[in-house]
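Here's the letter readout for the chains.
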Amino acid sequence: MSKLRYERPVIQKMNAGLMNKFGTRTEYEPVKQIDGVSVASIIKEYGSPVFVMSERTIRKTYKEAVRAFKTRYPKVQFAWSYKTNYINAVCNIFHQEGSWAEVVSGFEYNKALGNGVPGNKIIFNGPEKTNEELLLAIKNDSLIHIDHFDELYQLIEICEHLDKKPRVAIRVNMDTGVYPMWDRFGFNYENGSAWNALTKIVASGKLQLTGLHCHIGTYMLSSDAYAVAVNKLSDLAFKCKSQLNASIQYLDLGGGFPSANTLRGAYLPASDTNPSIDDFAEAITNAILNAGFKTDELPLLILETGRALVDEAGYLLGSVLANKRLSDGRRATIMDFGVNILFTSFWYEHKISPAQDFTHHTEDMVLYGPLCMNIDMVRESVNLPLLNRGDQVVVHRVGAYNMTQWMQFIQMRPNVVMIDESGNTHLIRKAEDLKYIEQLEEMPKHLSSISL
Ligand SMILES: *Cc1c(COP(=O)(O)O)cnc(C)c1O
């Protein structure tokens, strides 16, 4: 064993803060490999920091989720939420597994087409859709989910000059007993806007009313809320049939199921407290089956689950840059990855594991990133073994929303690697370089030379 590094002793004020019910013992084990591939070898080949996606975990999570719904209800379709992770290799795993695409912008729409998703299997959500984007979606027979009255009028106007009736649904927002209520997207159920929109769609004669959509929130901790949503959507579906003579072919319940990430400040780990996919499937399918649809008229159930399908499959590997003592005696460790690439650290307490053996002396510490910016804190307080410069760590459950919300702020975005089911690694997104960052800049002529 190599000589241990000397650590200067410190006298510390005892912090009698909250222990959890297991005391202050750390649960940490070193994590030296992912799907059989050593962390050290990935960092050696692809640099540090580096994101890693596990193809095996994506497929397994997806299959489990589909099974949870399909064993309880006969007509189920998943649609991959592009904004959750739209690296094409990741999307195509979902598409190979049978998932349609759910997009919320024109650029995501074109990404889905580029990946080979047939237009009629793309769900186009979101508050902004330009005329050109709508025309393309209509031409491709995509499912257009209308968000507001202005969009409804925009569509009707576009269709004045077309001889094709686009397939549309409306997004409905509603009180499901979870607050704050997400009422900024879609049409409200309780105040009658949703019904109003449906009557206008049918009266226009220009649109083909096909479905009803909702996405009631994200990281939802109540499966009951989905049962409420099903009941309200079903009520609208029955009214469409009886009063507008329009038959609703699908109910799209959106996404919002939580991953196993623990929210900041939570008392117990999320893996112990959050409902499972089966709990959500049970609540949703029971509600539809009991809503009163005739057996041969059961609507297709669409799900747009994002984070619950991909968070677990993503890892961020990084290295320790330095240790320091803050003025109050706390230990601070500076990592080579910051909040610019780990956006979700603003609301999660990500599990972080050392990637090599360690002594069992641990200490509460703050983990900072490398940015020269005060907000760059990856964990505010985490009990970890003492890490030294060059030591490697694994950040768990980073597959959702990091590889889309990341930014080049001070540091550029790193390599993203996928481990396939046979344990081979593939580069699926290259690390950025200066040329990439500057490729869209233009220099006015009078500024092109300087002399100092
Ligand atoms: C973001 C989003 C999703 C996915 O949400 P998760 O909370 O990640 O499951 C699904 N549908 C719509 C309309 C969305 O905007």
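Bear in mind that the values here come from a model prediction, so they are computed numbers and not experimental data.

## Thoughts on the overall build of the protein chain
When you go through the protein chain residue by residue, the secondary structure sums to 13 helices and 20 strands. Its C-alpha atoms give the protein chain a radius of gyration of 25 Å, within 12% of the compact-globule value 22 Å for 452 residues. In the protein chain, buried positions account for 51% of the 452 residues. Within the protein chain, contacts between residues separated by at least 24 positions form 69% of all contacts whose residues are at least 6 apart in sequence. Counting only carbon and sulfur atoms, one obtains 51% of the accessible surface of the protein chain, whose full area is about 22200 Å². Taking the average location of the 47 positive side-chain charges in the protein chain and that of its 51 negative ones, the two points are 3 Å from each other.

## Some thoughts on the site of the ligand
Around the ligand, the structure places 16 residues, and the nearest of them are Lys83, Thr218, Gly256, Glu304 and Tyr401. A distance of 2.4 Å separates an oxygen atom of the ligand from a polar side-chain atom of threonine 218. With respect to the ligand, the side chain of glutamate 304 contributes an N or O atom lying 2.6 Å from a nitrogen atom. In the complex, 95% of the free accessible area of the ligand, which totals 390 Å², lies under the protein chains.

## Some words on the side chain of serine 319
Mapping serine 319 onto the fold places it in strand 13 (residues 314–325). Within polar-contact distance, the side chain of serine 319 engages the side chain of serine 48 at 2.7 Å. Setting aside residues up to four positions removed in sequence, serine 319 forms contacts with Ile43, Ser48, Ile334, Met335, Asp336, Asp391 and Gln392.

## As for the packing of helix 4 (residues 106–114) against helix 5 (residues 131–139)
Interaxial distance between helix 4 and helix 5 falls to 10 Å at its minimum, and their mutual angle equals 30°. What the angle tells us is that helix 4 and helix 5 run roughly parallel. Considering the relative orientation of helix 4 and helix 5, their crossing is left-handed. Between helix 4 and helix 5, the residues in contact are Gly106, Tyr109, Asn110 and Leu113 and Glu133, Leu136 and Ala137, respectively. Its residues placed into classes, the contact of helix 4 with helix 5 shows four nonpolar, two polar and one charged.

## Focus on the pattern of salt bridges
As enumerated under the stated definition, the model contains 18 salt bridges in all. Across the pair glutamate 64 and lysine 60 runs a salt bridge whose closest N-O atoms are separated by 3.5 Å. Separated by four residues within a single helix, glutamate 64 and lysine 60 lie in helix 2 (residues 55–70), roughly one turn from each other. Arginine 429 is the salt-bridge partner of glutamate 432, the closest N and O atoms lying 3.4 Å from each other. On the accessibility criterion, glutamate 432 (9% relative accessible area) is buried. Arginine 429 sits in the partly exposed class, given a relative accessible area of 23%. Beyond isolated ion pairs, a larger network of salt bridges with shared partners links Glu55, Arg59, Lys63, Glu97 and Glu421.

## Here's the deal with the state of the cysteines
With the rule as written, the count across this model stands at zero disulfides. No disulfide involves cysteine 159; its sulfur sits 18 Å from that of cysteine 240, the nearest cysteine. With no disulfide of its own, cysteine 240 lies 14 Å from the sulfur of cysteine 214, the closest cysteine sulfur.

## Quick notes on the packing of helix 7 (residues 193–204) against helix 8 (residues 224–244)
Orientation of helix 7 relative to helix 8, taken along the N-to-C sense of each, is 40°, at an axis distance of 11 Å. As judged from the angle between their axes, helix 7 and helix 8 are oblique. The chirality of how helix 7 crosses helix 8 is right-handed. On the side of helix 7, the interface is formed by Ala194, Trp195, Leu198, Thr199 and Val202, while helix 8 contributes Leu236, Lys239, Cys240, Gln243 and Leu244. Of the residues contributing to the contact of helix 7 with helix 8, the split by class is seven nonpolar, two polar and one charged.

## Considerations on the nonpolar core
In terms of nonpolar packing, the biggest core is built from 104 residues, with Phe69, Ile170, Leu253 and Ile284 touching the most fellow members. Looking at this core element by element, the count peaks at 10 residues for helix 8. When neighbours within four sequence positions are excluded, isoleucine 284 is seen to be in contact with Phe69, Tyr226, Val230, Leu253, Phe257, Leu301 and Leu303. Residues Val31, Ile42, Val50 and Val394 belong to the second largest nonpolar core, which totals 15 residues.

## Some words on the packing of aromatic side chains
Per the stated rule, a full pass over the model turns up 19 aromatic pairs. When the ring of tryptophan 347 is compared with that of tyrosine 348, the centres are 6.3 Å apart and the planes differ by 65°; the resulting orientation is edge-to-face. On the accessibility criterion, tryptophan 347 (29% relative accessible area) is partly exposed. Given the relative accessible area of 0%, tyrosine 348 is considered buried. The ring of phenylalanine 124 carries lysine 129 above its face, with NZ or CZ at 5.5 Å from the centroid. Just above the ring of tryptophan 195 sits the side chain of lysine 239; from NZ or CZ to the centre is 4.4 Å.

## What about the domain arrangement of the protein chain?
For the protein chain, the assigned domains are domain 1 (33–53 + 313–431) and domain 2 (55–311). The gap between the C-alpha centroids of domain 1 and domain 2 is 33 Å. Between domain 1 and domain 2, the contact holds 26 residues from the first and 26 residues from the second. If you sort the residues of domain 1 by the area they bury against domain 2, Tyr348, Arg397 and Tyr401 come out on top, with a joint share of 27%. For glutamate 421, the salt bridge identified is with arginine 59, shortest N-O distance 3.6 Å. Taken together, the elements giving at least two residues each to the side of domain 1 that touches domain 2 come down to helix 12 (402–405), strand 19 (416–419) and strand 20 (425–429). It is strand 19 that provides the largest number of residues to the side of domain 1 that touches domain 2, a total of three residues. Of the residues contributing to the side of domain 1 that touches domain 2, the split by class is 14 nonpolar, six polar and six charged.

Calculation rules
Residues numbered from 1 in each chain as written. Predicted model: local features only at pLDDT ≥ 70, side-chain atom pairs only at ≥ 80, totals over all residues. Heavy atoms only, no water. Helix = DSSP H or I, 4+ residues; strand = E, 2+ residues; numbered from the N terminus. Rg over C-alpha atoms; globule rule 2.2 N^0.38 Å. Buried < 20%, exposed > 50% of the residue type's maximum accessible area, 1.4 Å probe, protein only. Contact = heavy atoms within 4.5 Å. Areas by Shrake-Rupley, 256 points an atom, 1.4 Å probe, with all protein chains shown as cover. Lys, Arg positive; Asp, Glu negative; His and termini not counted. Charge placed at Lys NZ, Arg CZ, Asp CG, Glu CD. Near = heavy atom within 4 Å. Polar contact = N/O pair within 3.5 Å; in protein donor to acceptor, adjacent residues only side chain to side chain. Axes fitted to C-alpha atoms, helices over the stretch in contact; angles between N-to-C directions. Parallel < 35°, antiparallel > 145°, perpendicular 65-115°, else oblique. Left-handed = near helix turned anticlockwise from the far one by under 90°. Nonpolar A, V, L, I, M, F, W, Y, C, P; charged D, E, K, R; others polar. Salt bridge = Lys/Arg side-chain N within 4 Å of Asp/Glu carboxyl O. Disulfide = S-S within 2.5 Å. Core = buried A, V, L, I, M, F, W, Y, C linked by side-chain atoms within 4.5 Å. Phe/Tyr/Trp six-rings, centres within 6.5 Å; stacked < 30°, edge-to-face > 60°. Lys NZ or Arg CZ within 6 Å of the ring centre and 35° of its normal. Domains from an automatic or database assignment. Buried area = accessible area lost by both parts, 1.4 Å probe.

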